[in-house]
Amino acid sequence: MRKDGRKFNELRPVKITTGFVKFAEGSVLIECGDTKVLCNASVEDRVPPHVRPGHGWVTAEYSMLPRANRERSRRDIDKLKLSSRSAEIQRLIGRSLRAAVDMEALGERTITIDCDVLQGDGGTRTASVTGGFIALALACRKLVEEGYIGRNPIRHFVSGVSAGIVDDTAVLDLPYSEDSRAQVDLNCIMNELGEIIEIQGTGEGRAFTVREQQELLELCAKGNRELIAKQREILGRL
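Worth saying up front: this structure is predicted, and the values here are computed from it rather than measured. (Residues numbered from 1 in each chain as written. Predicted model: local features only at pLDDT ≥ 70, side-chain atom pairs only at ≥ 80, totals over all residues. Heavy atoms only, no water.)

> I'm lost on the sheet that holds strand 1 (residues 14–18) in this one. Help?
The strands making up a sheet are joined through hydrogen bonds of the backbone, oriented either antiparallel or parallel. Taken together, 5 strands build an open sheet; the order of strands is 1-2-3-5-4 and the sheet is mixed. The open sheet has two free edges, formed respectively by strand 1 and strand 4 (57–64), since each of these has just one partner strand. Going across the sheet, the axis of each strand differs from the next one's by a mean of 15°, ignoring polarity. Judged from the 8 bridges that link them, strand 4 and strand 5 (residues 110–119) form a sheet pairing that is parallel. What sits directly across from Glu 61, in strand 5, is Asp 114. Packing of helix 1 (residues 84–98) onto the sheet brings it into contact with strand 4 and strand 5, and relative to strand 4 it is tilted by some 145°. Running over the sheet, helix 3 (residues 124–145) touches strand 1, strand 2 (26–32), strand 3 (35–44), strand 4 and strand 5 and is turned about 35° from strand 3. (Pairing = 2+ DSSP bridges. Helix = DSSP H or I, 4+ residues; strand = E, 2+ residues; numbered from the N terminus. Axes fitted to C-alpha atoms, helices over the stretch in contact; angles between N-to-C directions. Contact = heavy atoms within 4.5 Å.)

If you want it as structure tokens, here you go:
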């Protein structure tokens, strides 16, 4: 048993509230334990210059509000640029969500997913992917319903979860109390087929073996299956 009473392979309680913000084309508040992230999808009828004609684009922005953590952090705008951590995380979110979309079916428009951490207790980037996907899917569904595109461009469900080695034991979905002292930390983004979109694994306190990596990936696969099941409960069929 872990400090919060969970088994080693158990997710934190997950709560997902759609329509949290009135004006966004897709809006989700996702709560994974004490981590709370607001994910809003916005649609614009333009694309960046690098995008091929007739294709769309999906991107993301990520920010942690000043009192999302135990101490106040400065807003990114205070520093006139993103922190390196926020920049790295929002690139991860963008890559992960683009893997879900047929850009030609989306057409020449951009969907931006804004992920704002209201409260951080570990796993904010993976919660942003999981909640951000639902916001993205809701925005795409609205485009279809309103006749802007002929078919839903979402090809796959996408979710993310963390796993790590704490006190030489592999555990799923680390809160801050575990993440802060983890010997190994791994984030894994997957689709509903069980295919891996991205892995981020780091030996924080020690190196880890291929066998340990496989054990962590198996935990993440279990967690992602459960998260995608929750996404299906909300979205139904794509």
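> In this structure, what is going on with the nonpolar core? I would like to understand it.
Nonpolar side chains in soluble globular proteins tend to end up buried together. Formed by 58 residues in total, the largest nonpolar core has its most connected members in Ile 111, Phe 133 and Leu 136. By residue number, the principal contributor to this core is helix 3, which donates 10 residues. Residues in contact with Leu 136, not counting those within four places in the same chain, are Ala 41, Val 58, Leu 97, Val 101, Ile 111, Ile 113 and Ile 154. (Core = buried A, V, L, I, M, F, W, Y, C linked by side-chain atoms within 4.5 Å. Buried < 20%, exposed > 50% of the residue type's maximum accessible area, 1.4 Å probe, protein only.)

> When you look at the packing of helix 1 against helix 3 in this model, what are you seeing that I'm missing?
Helix-helix packing is characterised by the crossing angle of the two axes and by the distance between the axes. One way to put it is that helix 1 packs onto helix 3 with a least axis distance of 10 Å and a crossing angle of 40°. Viewed along their axes, helix 1 and helix 3 adopt a mutual orientation that is oblique. When the axes of helix 1 and helix 3 are compared, the crossing they make is right-handed. Of the residues in helix 3, those touching helix 1 at Arg 85, Glu 88, Ile 89, Leu 92, Ile 93, Ser 96 and Leu 97 are Thr 124, Arg 125, Ser 128, Val 129, Gly 132, Phe 133 and Leu 136. When its residues are assigned to classes, the contact of helix 1 with helix 3 shows 7 nonpolar, 4 polar and 3 charged. (Parallel < 35°, antiparallel > 145°, perpendicular 65-115°, else oblique. Left-handed = near helix turned anticlockwise from the far one by under 90°. Nonpolar A, V, L, I, M, F, W, Y, C, P; charged D, E, K, R; others polar.)

> Sorry, what's going on with the pattern of salt bridges here?
Side-chain pairs of opposite charge can arise where the charged atoms are in close proximity. A full pass over the atoms with the stated rule returns 13 salt bridges. Residues Glu 178 and Arg 2 are paired through a salt bridge, measuring 2.7 Å at the closest nitrogen-oxygen approach. Of this pair, Glu 178 sits in helix 4 (residues 176–179) while Arg 2 sits in the segment before strand 1; the two residues are 176 residues apart in sequence, bridging distant segments of the chain. Across the pair, Arg 2 and Glu 178 agree in class, each one buried. Linking Asp 167 and Arg 181 is a salt bridge whose minimum nitrogen-to-oxygen distance equals 3.0 Å. Taken together, the residues span a long stretch of sequence, with Asp 167 in the loop between strand 6 (158–166) and strand 7 (169–172) and Arg 181 in the loop between helix 4 and strand 8 (184–191) at a distance of 14 residues. The exposure class of Asp 167 is exposed, given its relative accessible area of 54%. (Salt bridge = Lys/Arg side-chain N within 4 Å of Asp/Glu carboxyl O.)

> What am I meant to see in the side chain of Glu 178 here?
Looking at Glu 178, the relative accessible area reads 8%, which means it is buried. Contacts of Glu 178, omitting those with residues within four sequence positions, involve Arg 2, Arg 6, Val 166, Val 171 and Asp 173.

> Is there a simple way to explain the layout of surface pockets in this structure?
Gaps between atoms show up when a probe of the same size as a water molecule is rolled over them. Volume-wise, the largest pocket comes out at about 510 Å³. Along the walls of the largest pocket sit 22 residues, with Arg 85, Gly 122, Gly 123, Arg 125 and Asp 179 positioned nearest its centre. Breaking the lining of the largest pocket down by element, the ones donating at least two residues are helix 3, helix 4, strand 8 and strand 9 (196–203). In terms of residues, the lining of the largest pocket owes the most to one element, strand 9, which gives 3 residues. (1 Å grid on protein atoms, 1.4 Å probe; cavity = no way out; pocket = protein on both sides within 12 Å on 5 of 7 lines; lining within 4 Å. Points joined across faces, edges and corners; volume = space filled by probe spheres on them.)

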